[in-house]
Amino acid sequence: MLALANKIAIVTGASSGIGRATAKLFAEEGARLVVAARRQAELDTLVAEISDVEGTAIALAGDVRDEAYAKALVDLAAERFGGLDIAFNNAGAVGLMAPLPDMMPAAWHETMDVNLTSAFLGAKYQIPAMLERGGGSLIFTSSFVGYTAGMPGMAAYAAAKAGLIGLTQVLAAEYGPKRLRVNALLPGGTDTPGATTTTPEARAFVEGIHALKRMAQPEEIARSALYLASDASSFTTGTALFADGGVSINRT
Ligand SMILES: NC(=O)c1ccc[n+]([C@@H]2O[C@H](COP(=O)([O-])OP(=O)(O)OC[C@H]3O[C@@H](n4cnc5c(N)ncnc54)[C@H](OP(=O)(O)O)[C@@H]3O)[C@@H](O)[C@H]2O)c1
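Draft legend 1. View of the site of the ligand. Neighbouring the ligand are 29 residues; Ser 16, Arg 38, Arg 39, Tyr 157 and Thr 192 lie closest to it. Protein burial of the ligand: of its 880 Å² of free accessible surface, 92% is covered by the chains. Looking at the shell around the ligand, the elements that each hand over two or more residues are α1 (17-28) and α5 (155-175). Residue composition of the shell around the ligand, grouped by class: nine nonpolar, 15 polar and five charged.

Right, here's the structure in full:
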């Protein structure tokens, strides 16, 4: 039996990195998917790759900061597949890195909007759809940044990612009685286009802060997302789940 047989899922940030790897894994495990990001061409390629291995996915391009897009994704899952069981709210970006006194409010808002407000907008429409199906699994991609590590220059990103953990805890308590589980996933440094490792020095630094002395491949983070999405984690809710290569405990 596939881990996500008969499940319907939304994956945001599916055009790249962790979201792309997770969409492919969810589809391999039997879920029918709505995949989301701004870049239509990348989503179309993903849908074709999923279709090549007998999976089912449809793409809807848009911006996760847009409330109408959040609603449209849930509506599409309902129209095409009959409802919603799983949402991996994963789209995000580090945004401008700067000392706080140098940061303009517009840059602060941009980082908060893409990482935190997007999660609120997603959950606002995903929760009622999941409750109609008798529950589900709601997942937010947070980070060790802002939770177990203070990284200079990343104040807005850290505040947004820590905010996701608070959001997770409240929603888990609020909807646990209705069999809706809510968890945050905290990847370590992961080898994606969104990582901040643009120079060999930056990469060596990021590898070195992990106990495992390397970065994750996006497929490794996808397996933790699958755990949270599936019944394998049926008694897990309200958590901040590390898949972080030990970056949170490492001091060497
Ligand atoms: N890589 C790491 O080291 C790391 C560590 C901890 C946490 N994370 C988190 O993991 C998540 C995935 O990041 P990644 O590393 O896989 O980066 P990535 O490869 O850059 O992927 C980011 C995804 O988010 C989408 N996205 C960004 N802004 C969007 C917007 N306004 N509207 C819709 N989609 C948007 C991008 O698609 P489009 O550009 O097509 O819109 C892309 O699919 C993020 O939340 C990130 O903060 C990453």
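That was the structure; now back to the text.
Draft legend 2. Summary view of the pattern of salt bridges. Inspection of the entire model under this criterion finds ten salt bridges. Notably, a salt bridge pairs Arg 20 with Glu 49, separated by 3.0 Å at the nearest N-O pair. Of this pair, Arg 20 sits in helix α1 while Glu 49 sits in helix α2 (residues 40-52); the two residues are 29 residues apart in sequence, bridging distant segments of the chain. The class of Glu 49 is partly exposed, set by a relative accessible area of 26%. For Lys 124, the salt bridge is made with Glu 67, and the minimal N-O distance between the two is 3.9 Å. Of this pair, Lys 124 sits in helix α4 (residues 105-132) while Glu 67 is found in helix α3 (residues 67-81), placing the two residues 57 residues apart along the sequence. Overall, Lys 124 belongs to the partly exposed group, its relative accessible area being 38%.

Draft legend 3. Inspection of the nonpolar core at higher detail. Core analysis: the biggest nonpolar cluster contains 31 residues, and Phe 26, Leu 33, Val 35, Phe 88 and Leu 185 have the highest contact counts within it. Put simply, the parts of the chain that give this core at least two residues each are β1 (8-12), α1, β2 (32-37), α2, β4 (86-89) and α7 (218-229). Non-local contacts of Leu 33, meaning those with residues more than four positions away in its chain, are made with Ala 9, Val 11, Ala 23, Phe 26, Ala 27, Ile 50, Thr 56, Ala 57, Ile 58 and Phe 81. In terms of nonpolar packing, the next biggest core, distinct from the first, is built from 29 residues, Tyr 69, Ala 119, Leu 171 and Tyr 175 among them.

Definitions and cut-offs
Residues numbered from 1 in each chain as written. Predicted model: local features only at pLDDT ≥ 70, side-chain atom pairs only at ≥ 80, totals over all residues. Heavy atoms only, no water. Near = heavy atom within 4 Å. Areas by Shrake-Rupley, 256 points an atom, 1.4 Å probe, with all protein chains shown as cover. Helix = DSSP H or I, 4+ residues; strand = E, 2+ residues; numbered from the N terminus. Nonpolar A, V, L, I, M, F, W, Y, C, P; charged D, E, K, R; others polar. Salt bridge = Lys/Arg side-chain N within 4 Å of Asp/Glu carboxyl O. Buried < 20%, exposed > 50% of the residue type's maximum accessible area, 1.4 Å probe, protein only. Core = buried A, V, L, I, M, F, W, Y, C linked by side-chain atoms within 4.5 Å. Contact = heavy atoms within 4.5 Å.

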